[in-house]
Amino acid sequence: MERNSIEIRVWMQRHQVRQVDIRRELGYADPKTVWATIEGRENNRRVLGWLLEKGCPAILLALPEDMQVAA
């Protein structure tokens, strides 16, 4: 299953979450990590975990196998 970046962005907009908020809270200087994870180009577990903790549905995130148990 592929990450549904459009639905993730819809969820983010509904919950007033911006990529810059995620980046700042996780302490990343470069926005690429957050963007690439949302787009499904990377599987940054900190970003995916952050989204899960905030309530983003796991089905949208297409979590890596090692994170599916936690979701």
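The shown structure was predicted, so the numbers you read here are calculated from the model rather than taken from an experiment.

Undergrad: Help me understand helix H4 (residues 45–53) in this model?
TA: Structural remark: α-helix, 3.6 residues per turn; residues separated by three or four positions point the same way. All buried positions along H4 are accounted for by Val47, Leu48, Gly49, Trp50 and Leu51. Residues of H4 that are buried in the fold lie against helix H1 (5–14), helix H2 (19–26), helix H3 (32–39), helix H5 (58–61) and helix H6 (65–68). Where H4 begins, one side-chain oxygen reaches toward the backbone nitrogen of arginine 46, 3.0 Å away; that side chain belongs to asparagine 44.

Undergrad: Looking at this model, I keep getting lost on the nonpolar core. Mind explaining?
TA: The nonpolar side chains of a soluble globular protein tend to be buried, and buried together. Within the largest apolar cluster, 18 residues are counted, with the highest numbers of intra-cluster contacts made by Ile8, Met12, Ile22, Val47, Leu51, Cys56 and Leu61. Looking at this core, the elements that each hand over two or more residues are H1, H2, H3, H4 and H5.

Undergrad: Can you walk me through H2 in this structure?
TA: Among all positions in H2, only Ile22, Arg23 and Leu26 are buried. Each buried residue of H2 lies within a common arc of 100° when the element is viewed along its axis, so the set occupies one face. Away from the buried face of H2 by more than 90 degrees, exposed residues Arg24 and Glu25 are located. Against the buried residues of H2 lie H1, H3 and H4. A positive backbone phi angle near 85° is found at glycine 27, which sits one or two residues after H2.

Undergrad: So what exactly am I meant to see when it comes to the packing of H2 against H4 here?
TA: For any two helices packed against each other, the geometry is given by the interaxial angle and the distance between the axes. At a closest axis distance of 11 Å, the pairing of H2 and H4 adopts a crossing angle of 115°. If you check the angle between H2 and H4, you find them roughly perpendicular. Crossing angle aside, the handedness with which H2 passes H4 is right-handed. Here Ile22, Glu25 and Leu26 of H2 come into contact with H4, specifically with Arg46, Val47, Trp50 and Leu51. Split into classes, the residues belonging to the contact of H2 with H4 amount to 5 nonpolar, no polar and 2 charged.

Undergrad: Help me out: how do you make sense of the side chain of arginine 23 in this one?
TA: For arginine 23, the location among the structural elements is in helix H2. This buried residue, arginine 23, is left without a salt bridge; aspartate 30 holds the nearest opposite charge, at 7.1 Å. In this view, arginine 23 contacts Tyr28, Ala29, Asp30, Pro31 and Val34; residues no more than four positions away in its chain are not counted.

The rules behind these values
Residues numbered from 1 in each chain as written. Predicted model: local features only at pLDDT ≥ 70, side-chain atom pairs only at ≥ 80, totals over all residues. Heavy atoms only, no water. Buried < 20%, exposed > 50% of the residue type's maximum accessible area, 1.4 Å probe, protein only. Helix = DSSP H or I, 4+ residues; strand = E, 2+ residues; numbered from the N terminus. Contact = heavy atoms within 4.5 Å. Polar contact = N/O pair within 3.5 Å; in protein donor to acceptor, adjacent residues only side chain to side chain. Core = buried A, V, L, I, M, F, W, Y, C linked by side-chain atoms within 4.5 Å. Arc of directions from axis to C-beta. Axes fitted to C-alpha atoms, helices over the stretch in contact; angles between N-to-C directions. Parallel < 35°, antiparallel > 145°, perpendicular 65-115°, else oblique. Left-handed = near helix turned anticlockwise from the far one by under 90°. Nonpolar A, V, L, I, M, F, W, Y, C, P; charged D, E, K, R; others polar. Lys, Arg positive; Asp, Glu negative; His and termini not counted. Salt bridge = Lys/Arg side-chain N within 4 Å of Asp/Glu carboxyl O.

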